[in-house]
Amino acid sequence: MDPDGTLFAVDPFPAGRLGFSLQQRIAHHEVAGIENGRVTWVRATGADAARDHTPVDFVFIDGDHSEQGLLADWNAWSPLVASGGIVALHDSRSSNDRLIDDAGSVKVTNEVILPDRRFELIDAVDTLTVLRREPAK
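What you see is a predicted model, and the numbers here were worked out from it, not measured in a lab.

Here is what the cut-offs are and how they apply
- Residues numbered from 1 in each chain as written.
- Predicted model: local features only at pLDDT ≥ 70, side-chain atom pairs only at ≥ 80, totals over all residues.
- Heavy atoms only, no water.
- Salt bridge = Lys/Arg side-chain N within 4 Å of Asp/Glu carboxyl O.
- Buried < 20%, exposed > 50% of the residue type's maximum accessible area, 1.4 Å probe, protein only.
- Helix = DSSP H or I, 4+ residues; strand = E, 2+ residues; numbered from the N terminus.
- Core = buried A, V, L, I, M, F, W, Y, C linked by side-chain atoms within 4.5 Å.
- Contact = heavy atoms within 4.5 Å.
- Pairing = 2+ DSSP bridges.
- Axes fitted to C-alpha atoms, helices over the stretch in contact; angles between N-to-C directions.
- Parallel < 35°, antiparallel > 145°, perpendicular 65-115°, else oblique.
- Left-handed = near helix turned anticlockwise from the far one by under 90°.
- Nonpolar A, V, L, I, M, F, W, Y, C, P; charged D, E, K, R; others polar.

**Considering the pattern of salt bridges**
For the coordinates displayed, the defined rule picks out four salt bridges. R98 is paired through a salt bridge with D91; the nearest N and O atoms lie 2.5 Å apart. By relative accessible area, which is 37% here, R98 ends up partly exposed. For D91, a relative accessible area of 9% puts it in the buried group. E120 is paired through a salt bridge with R132; the nearest N and O atoms lie 3.2 Å apart. Taken as a pair, E120 in strand β5 (residues 119-125) and R132 in strand β6 (residues 128-133) lie far apart in primary sequence, twelve residues in all. The exposure class of E120 is partly exposed, given its relative accessible area of 29%.

**Structural notes on the nonpolar core**
Where a protein is soluble and globular, its nonpolar side chains tend to be buried together. Judged by nonpolar contacts, the single largest core of 18 residues is most densely connected at W77, V87, L89 and I113. Counting residues per element, the ones that place at least two in this core are α2 (46-50), β3 (56-61), α3 (67-77), β4 (81-89) and α4 (104-113). The contacts of V87, once residues within four sequence positions are left out, are V59, I61, W74, V81, F119, T129, V130 and L131.

**A look at the sheet that holds β4**
Strands in a sheet are paired, the pairing made by backbone hydrogen bonds, and the direction either parallel or antiparallel. Here we have four strands laid out as an open sheet, ordered β3-β4-β6-β5, and mixed in their pairing. With one partner strand each, in any of the chains shown, β3 and β5 form the two edges of the open sheet. For this sheet the average axis-to-axis angle between neighbouring strands, irrespective of direction, equals 15°. Alignment of β3 against β4, held across five bridges, turns out to be parallel. By the bridge assignment for β4, I61 is matched with L89.

**Things to note about the packing of α3 against α4**
Here α3 crosses α4 at 45°, and the two axes come no closer than 8 Å. Accordingly, the angle class assigned to the pair α3 and α4 is oblique. The handedness of the crossing between α3 and α4 comes out as right-handed. Residue-level contacts link E67, L70, L71 and W74 of α3 to G104, S105, K107, V108, T109, V112 and I113 of α4. The class makeup of the residues in the contact of α3 with α4 is six nonpolar, three polar and two charged.

The values are spatial; any link to function lies outside them.
So this is what it looks like as structure tokens:
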């Protein structure tokens, strides 16, 4: 990451049975050693977090894999991706090891996201789809 960059790490980190989020503690521990740039933690859903952001260069969507969840994230974040910016979608296609064609995230990717003329498909690896925002016309 660029030394002057900021990574916004977004997750609602719901509390578990013990009253806290173990995933949150693990995530903070893993990221604590990063020396380049800055990490800002945002405890919210992806769609809620997008309301507080200006244009971004990169978005990695790996949240709610339901149709409604990915639609909410896509509708919130896609307008914020700067011209030439990148969007990476996790669990958005099947791979040889994971046949997930029935997943909501795969359906939304195929029916809504890939046909979106604002973006072009630039790569697909395993279950990851990578798109670039087209320049404004």
